[in-house]
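The chain contents come next:
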Amino acid sequence: MSDRTWAEELEGQIPEQLGREIEIFATQMELRRRDEVDERLFAETRLRRGVYGQRYDNGHRHDGVTNRQLAYGEHPTKGPETVWDAPGMVRIKIPYGALTTEQMDVLAALAEDYSDGISHVTTRQDIQLHFVHIDDTPDLMRRLAAVDITTREACGNSVRNVTACPLAGVCKTESFDVSPYADALMRFLLGHPDVQDFGRKFKPALSGCAHEACGLVNMHDLGLVAKTRVVDGKEQRGFAFYVGGGLGAIPHPAQLVSDFVTEDEILPLSQAVSRVFARLGEKQNRGRARVKFLVAKLGIEEFRRLVFEEREALPHDPRWTEYMETLPEYAEKPARKGAALDLGDKALSKAFLAWHKTNVRPQRQPGYAVATVKLPLGDITSDQFRALADVAREFCGDNVRLTVEQNILLRWVSEADLPALHAALEAIDLAAPGAETISDITACPGTDTCKLGIASSRGLAAELTRHVPQLDDGGNGALKGLRIKASGCFNSCGQHHVADLGFYGISRKKGGRLVPHFQVVLGGKWIENGGSFGLATLAIPSKNIPEVVRRVTGRFLAEREPDESFTAFIERLGKVEVKSFLQDLTEVPSYEADPSYYSDWGDPREYTMDDYGEGECAGEIVPLVEFGLQASEREVFEAQLYLDSGDATRAKEMAYRAMLTAAKALVKTEFLDVTDDPEHIVTEFRSRFHETKRFHDRFAGPKFASYLFQAHEVGGNGGRPEQARERVEEAQLFIEAAYACYEKMATTPGTTGVTA
Amino acid sequence: MSVTGGGPLSSPEVSVKLFVADPAGVRLKELIPVLHRWIKEDLLPDELQIDVASYEHVPKGPGIVLICDKAHYYFDARQGRVGLRFRARRENRGVGPEAIARAFHAVLHAARLLEADPVLEGRYRFRTDELEFGIYDRLLAPSDESTFTAVRPDLEQAVRDLFETDDVELELSSGPKEPFMVTVRVGASPDVEQLLSRVAAAIA
């Protein structure tokens with residue numbers, strides 16, 4: 001019983017491809033433990049499996065007085081300056097935020113078993129678990145895979161979670177439901193060869209309409225806004241297609257590539273964008289490696305020309321349109337029949353009515369509503385998550401979505417069931433009203449767990465949550481719809497640029513001591529897909545931010561024109577005036593007068609920047625060829641294991657495959673479209689590397705290449721069983737020769753193709 | 001059936017929770033500086049203490065957590081019951097009775113520190129007539145009768161030895177989807193200090 005593993009327990013439940021990927025990752029971990037894989041390469045490998053670093057994982061922590069070493073055990077690192085045993089974060093991709101009740105149960109269990117009992121909903125519809133040990137991650141991934149969830153490419157320089165409007169399919173203002181398109185885009189790009197050589201991450205988003213906030217297309221690397229047109233009397237579906245949006249330190253609005261891309265073209269065009277980004281995007285300077293910088297550098301006209309040129313050259317892929325065959329069947333299944341609710345019913349409680357006012361919106365489908373479960377700081381306990389799954393089973397079925405405002409939506413709730421749903425949510429402390437209002441504050445993890453955090457965004461958000469209910473708008477509702485968002489640093493994970501009141505962490509010095517501050521960013525536009533970015537005004541000490549909120553909202557209430565939006569009000573007020581009426585709040589009392597200014601919210605230690613670390617958001621810049629060569633090493637390692645276990649046939653097969661993988665990695669430096677067909681790989685390798693003598697060894701000449709050709713001739717596992725050991729050794733030598741060839745190429749400018 | 005040497009109690013993910021005597025006297029926020037001080041002063045010599053995580057904003061949640069390399073210490077309010085939970089992580093601190101004894105030692109040591117902390121002014125006292133034993137390992141210890149049957153002999157004996165009484169009741173208290181939890185009720189309530197010295201002697 002005690003020897004049983006999750007791999008055995010879940011046998012037959014994990015999709016084959018996902019299972020294979022997890023086994024590969026487990027082997028890569030083993031190779032890193034043996035110090036047989038470079039730490040930089042392993043770091044990017046684990047990031048692409050969603051296994052992320054966390055604060056203090058460099059083995060140091062400032063305790064408020066001194067910087068102390070954390071005496072972890074001696075192991076190889078899991079990345080540059082990243083201790084193997086240090087707890088880390090696992091980011092779990094939830095495409096377009098869609099969850100089933102079974103998945104909720106599993107997520108709840110994983111948070112308990114491997115984390116600290118909290119699932120954190122992120123601003124990109126992911127779930128994050130913190131304080132996870134890397135050794136637990138393969139089992140964690142297996143358990144996720146068994147319910148069709150992957151962490152693949154949740155971090156690193158890859159295509160991140162595909163997000164979408166959480167109301168897709170039930171929204172009254174959308175052109176059509178973007179959910180199946182988001183799903184198709186996610187499945188197409190996940191692990192696609194053309195998205196493996198980016199210099200930075202790449203975030204796609206889809207929205208059902210242009211004017212609401214939900215999809216936030218304007219701030220994404222790739223953005224699709226649904227629209228329709230009539231051609232020959234028939235309605236045609238398509239998307240306005242954007243690229244190059246992004247927040248970060250310097251926000252860029254997305255640029256329009258095409259006003260209407262038909263539904264059958266969105267996948268190939270996304271692939272073409274990926275190829276252009278991989279080929280021309282910055283690879284060395286990570287600060288300028290997002291696609292927004294490439295678009296800015298080339299100009300949208302040239303970028304567009306390159307994308308369409310690339311599109312024309314793409315080899316046909318049937319997956320571009322296969323998903324469309326299933327579109328007519330795509331539908332969500334409600335748990336119950338929809339029925340109306342009489343809100344005038346005297347039996348309805350005040351608490352219910354308050355919750356209904358802010359947390360419920362009617363669906364396009366009569367008799368149904370969407371209920372928002374407001375999560376404090378995006379956190380939900382495992383007990384709550386499990387109970388919420390049961391509530392969903394009863395009231396809405398598998399129609400649950402995570403939102404970028406760190407909440408959970410229950411869709412397809414019969415309106416008549418809303419009072420019972422509210423009671424069920426109250427019983428698990430998830431019936432807080434005020435969803436998507438000024439009291440529903442968004443925050444990234446900040447200094448709580450993020451290596452890049454400068455100030456405590458969660459601490460600030462928790463503090464503001466206590467202050468905001470005290471704000472009085474005189475009942476006119478002017479404040480209700482405002483958004484407050486906080487980021488721990490300028491990288492904008494809290495999406496402060498598109499908030500009415502945004503804050504991002506910075507530090508300032510006073511009398512030789514550091515003081516946590518927030519830069520105040522006012523007047524960002526949440527609607528119109530994050531339509532415009534706020535105005536950075538002043539750096540204010542963290543402890544004065546609640547007063548900033550009080551003053552700014554107070555002035556807005558007092559001086560706004562009828563129906564004037566907060567964005568318009570701030571614009572009218574102007575930066576000079578805003579600065580002037582907040583100026584006094586920039587003052588920091590001396591340490592002796594008030595030491596509380598020198599600590600951050602929720603953290604009593606004296607504030608320092610000593611814990612600030614090298615971020616992993618940018619990942620490691622690892623050329624594509626190195627991933628291929630690493631994969632070949634892993635395969636030859638597996639071949640050796642087969643050999644050791646007496647399975648000569650599989651050992652030979654795996655050794656042959658390892659040579660093919662190494663050969664393919666080299667071919668890909670010049671020819672991205674090489675397929676997985678062994679004949680194709682060998683032909684390309686022969687003409688590009690063997691016949692040109694580039695693969696020749698200085699002393700052994702063509703010897704190592706001949707190992708591949710001989711194995712190929714006998715067809716992988718051919719030959720006598722006793723030749724297995726020989727084949728494994730030949731594969732090892734072939735891979736060494738491939739590395740040597742790659743090194744020669746790397747020292748000859750312009751010869752490594754995709755890494756230029 | 002004792003399963004010493006294998007089965008559920010071979011899991012390293014063992015936990016013990018002690019409940020506070022006066023939940024009304026608990027203010028989670030005030031524990032944050034206390035636990036940061038524990039780290040600074042290295043008050044848990046058996047642990048590599050890393051950080052303090054605050055979930056005070058989440059009702060009935062993990063509360064305030066002292067994150068260590070191979071254990072977490074929660075001041076939690078799970079299911080509305082406030083208390084101190086020790087939860088071992090990854091490192092097998094013995095199997096069977098030894099795992100139980102080491103978990104008791106860890107939680108009692110931390111409880112004593114809280115009871116004696118000058119900042120907390122004696123407001124944190126722990127009940128010993130009831131506690132919760134758990135295993136956070138759904139593979140080795142699913143929350144069901146078979147796990148309970150397997151764990152019961154060692155757990156019951158460990159509690160009898162520690163409390164020096166036969167008046168011990170065990171009850172499987174977790175649902176099938178929850179981590180395996182047993183409520184332990186004891187007909188004696190020695191103070192934390194006394195229990196700590198007993199368990200320290202037992203594992204020495």
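In this text the structure is predicted, and so the values were computed from the model without any measurement. (Residues numbered from 1 in each chain as written. Chains lettered and ligands numbered in written order. Predicted model: local features only at pLDDT ≥ 70, side-chain atom pairs only at ≥ 80, totals over all residues.)

1. Observations regarding the overall build of chain B
Right, so step 1: Within chain B, the regular secondary structure consists of 4 helices and 8 strands.
Right, so step 2: Starting at the N terminus and ending at the C terminus, chain B contains elements arranged as β-α-β-β-β-β-α-β-α-β-β-α.
Right, so step 3: Taking 17 Å as the expected radius of gyration for a compact globule of 204 residues, we find that chain B reaches 16 Å, a close match to that expectation.
Right, so step 4: The dimensions of chain B, computed from C-alpha atoms along their principal axes, are 45 × 35 × 30 Å.
Right, so step 5: Taken over 204 residues, chain B has a buried fraction of 50%. (Helix = DSSP H or I, 4+ residues; strand = E, 2+ residues; numbered from the N terminus. Rg over C-alpha atoms; globule rule 2.2 N^0.38 Å. Buried ≥ 20, exposed ≤ 12 C-beta atoms within 10 Å, placed from the backbone.)

2. Observations regarding the overall build of chain A
Right, so step 1: If you tally the helices and strands in chain A, you get 22 helices and 24 strands.
Right, so step 2: Rg of the C-alpha trace for chain A: 27 Å, near the compact-globule value of 27 Å for 756 residues, within the 12% margin.
Right, so step 3: Considered along the principal axes of its C-alpha atoms, chain A spans approximately 85 × 70 × 65 Å.

3. Things to note about unusual backbone geometry
Residues and elements named next belong to chain A.
Right, so step 1: Its identity is not glycine, yet L377 carries a phi of approximately 55°, on the positive side.
Right, so step 2: On the basis of neighbour count, L377 is assigned to the buried category, with 24 C-beta atoms found within 10 Å.
Right, so step 3: The phi dihedral of K693 falls on the positive side, at around 65°, and the residue is not glycine.
Right, so step 4: Here K693 shows up in the loop between α20 (678-690) and α21 (703-713).

4. Brief notes about the sheet that holds strand β7 (residues 168-172) of chain B
Residues and elements named next belong to chain B.
Right, so step 1: Taken in spatial order, the 8 strands make up an open sheet running β2-β3-β4-β5-β1-β6-β8-β7, and their pairing is antiparallel. Each edge of the open sheet carries a strand with a single partner, namely β2 (49-55) and β7. Averaged over neighbouring strand pairs, the angle between their axes works out to 20° when direction is ignored.
Right, so step 2: Pairing between strand β1 (residues 14-20) and strand β5 (residues 83-88): 5 bridges, direction antiparallel. Opposite L18, over in β5, you have L84 as the bridge partner. (Pairing = 2+ DSSP bridges. Axes fitted to C-alpha atoms, helices over the stretch in contact; angles between N-to-C directions.)

5. Notes on the nonpolar core
Right, so step 1: Judged by nonpolar contacts, the single largest core of 240 residues is most densely connected at L185(A), L388(A), L410(A), V413(A), A103(B) and V107(B).
Right, so step 2: Here the element with the most residues in this core is helix α2 (residues 97-116) of chain B; it accounts for 11 residues.
Right, so step 3: Excluding residues within four positions of it along the chain, L388(A) makes contact with M104(A), V373(A), I428(A) and L430(A). (Core = buried A, V, L, I, M, F, W, Y, C linked by C-beta atoms within 7 Å. Contact = placed C-beta atoms within 7 Å.)

6. Observations concerning helix α9 (residues 300-313) of chain A
Residue and element names in this part refer to chain A.
Right, so step 1: Over its 14 residues, α9 runs 20 Å from end to end, which matches the ideal 20 Å to within 8%, given 1.5 Å per residue.
Right, so step 2: The complete set of buried residues in α9 reads F303, R304 and V307. Projected down its long axis, α9 carries its buried residues within an arc of 100°, all on one side. Seen from the buried face of α9, the exposed residues on the opposite side, beyond 90 degrees, are E301, E302, E309, E312 and A313.
Right, so step 3: Buried residues in α9 make contact with β11 (234-243), β12 (255-262), α7 (266-280) and α8 (291-298). (Expected span 1.5 Å × (residues − 1). Arc of directions from axis to C-beta.)

7. Points about the interface of chain A and chain B
Right, so step 1: The interface of chain A with chain B comprises 37 residues on the first partner and 34 residues on the second.
Right, so step 2: The biggest single contributor to the side of chain A that touches chain B is helix α4 (residues 101-114) of chain A, with 4 residues.
Right, so step 3: Per-class residue counts for the side of chain A that touches chain B are 15 nonpolar, 6 polar and 16 charged. (Nonpolar A, V, L, I, M, F, W, Y, C, P; charged D, E, K, R; others polar.)

8. Let's talk about the sheet that holds strand β14 (residues 368-373) of chain A
Residue and element names in this part refer to chain A.
Right, so step 1: Here we have 5 strands laid out as an open sheet, ordered β5-β16-β17-β14-β13, and antiparallel in their pairing. Since the sheet does not close on itself, it has two edges, and those belong to β5 (98-99) and β13 (360-362), each with one partner.
Right, so step 2: In this sheet, strand β17 (residues 408-414) lies alongside β14 in antiparallel orientation, the contact comprising 5 bridges. Bridge pairing links A369 to V413 in β17.
Right, so step 3: Along the sheet, helix α13 (residues 418-427) makes contact with β13, β14 and β17, crossing β14 at roughly 15°.

9. Quick look at the pairing of β14(A)
Residues and elements named next belong to chain A.
Right, so step 1: Most of β14 sits out of view: 6 of its 6 residues are buried.
Right, so step 2: Residues Y368, V370 and T372 of β14 are buried on one face, and the alternating residues A369, A371 and V373, pointing to the opposite face, are buried as well.
Right, so step 3: In the sheet, β13 pairs with β14 via 3 bridges, with the strands oriented antiparallel. Counted as the bridge partner of V360 is A371 from β14.
Right, so step 4: Count of turn residues in the β13/β14 antiparallel hairpin: 5 residues, of which G367 carries a positive phi of about 90°.

10. So, the pairing of strand β9 (residues 204-207) of chain A
All names here are of chain A.
Right, so step 1: The two faces of β9 match: P204 and L206 on one face and A205 and S207 on the other face are all buried.
Right, so step 2: Of the strand pairs in this sheet, strand β8 (residues 163-164) and β9 are connected by 2 bridges, and their pairing is parallel. In the strand pairing of β9, T163 is matched with A205.
Right, so step 3: Assessed by its sense of winding, the connection that carries the chain from β8 through helix α6 (residues 179-189) to β9 is left-handed.
Right, so step 4: In this structure, β9 lies alongside strand β10 (residues 222-231), joined through 4 bridges in parallel fashion. (Right-handed = clockwise from strand over helix to strand, strands pointing away.)

11. Points about the packing of α2(B) against helix α4 (residues 192-203) of chain B
Residues and elements named next belong to chain B.
Right, so step 1: Contact geometry of α2 with α4 gives a least axis separation of 9 Å together with a crossing angle of 145°. Like other packed secondary-structure pairs, α2 and α4 cross with a definite hand, here left-handed. Contact with α2, carried on its side by A101, R102, F104, H105, L108, H109, A111, R112 and E115, involves V192, E193, L195, L196, V199, A200, A202 and I203 of α4 and no other residues of that element.
Right, so step 2: For the contact of α2 with α4, the class distribution of residues is 11 nonpolar, 2 polar and 4 charged. (Left-handed = near helix turned anticlockwise from the far one by under 90°.)

12. A word on the environment of R4(A)
Right, so step 1: Inspection of the secondary structure assignment puts R4(A) in the segment before α1 (6-9).
Right, so step 2: Filtering out sequence-adjacent residues up to four positions away, R4(A) remains in contact with E9(A) and L139(B).

13. Here's the deal with the confidence of the model for chain B
Do not read the predicted coordinates in detail wherever pLDDT is low.
Right, so step 1: With 97% of its residues at a pLDDT of at least 70, chain B reaches an overall mean of 93.
Right, so step 2: Scored by ipTM, the complex comes to 0.96, with pTM at 0.90. (pLDDT = per-residue confidence, 0-100.)

14. Notes on the packing of α2(B) against helix α3 (residues 145-163) of chain B
All names here are of chain B.
Right, so step 1: Direction vectors running N to C along α2 and α3 enclose 50°, while the axes themselves pass 9 Å from each other. Classified by the angle between their axes, α2 and α3 sit oblique to one another. Considering how the two elements wind past one another, α2 and α3 form a crossing that is right-handed. The residues of α3 that touch α2, namely those facing P97, I100, A101 and F104, are D154, L155, Q157, A158 and L162.
Right, so step 2: Taken together, the residues of the contact of α2 with α3 break down into 7 nonpolar, 1 polar and 1 charged. (Parallel < 35°, antiparallel > 145°, perpendicular 65-115°, else oblique.)

15. Comments concerning the environment of H467(A)
Right, so step 1: Note that H467(A) resides in helix α14 (residues 457-467).
Right, so step 2: Beyond its immediate stretch of four places on either side in the chain, H467(A) contacts P546(A) and V549(A).

16. Focus on the environment of R20(A)
Right, so step 1: Considering the arrangement of structural elements, one finds R20(A) in helix α2 (residues 16-33).
Right, so step 2: As for R20(A) and L140(A), which are separated by 120 residues in sequence, their C-alpha atoms are 14 Å apart.

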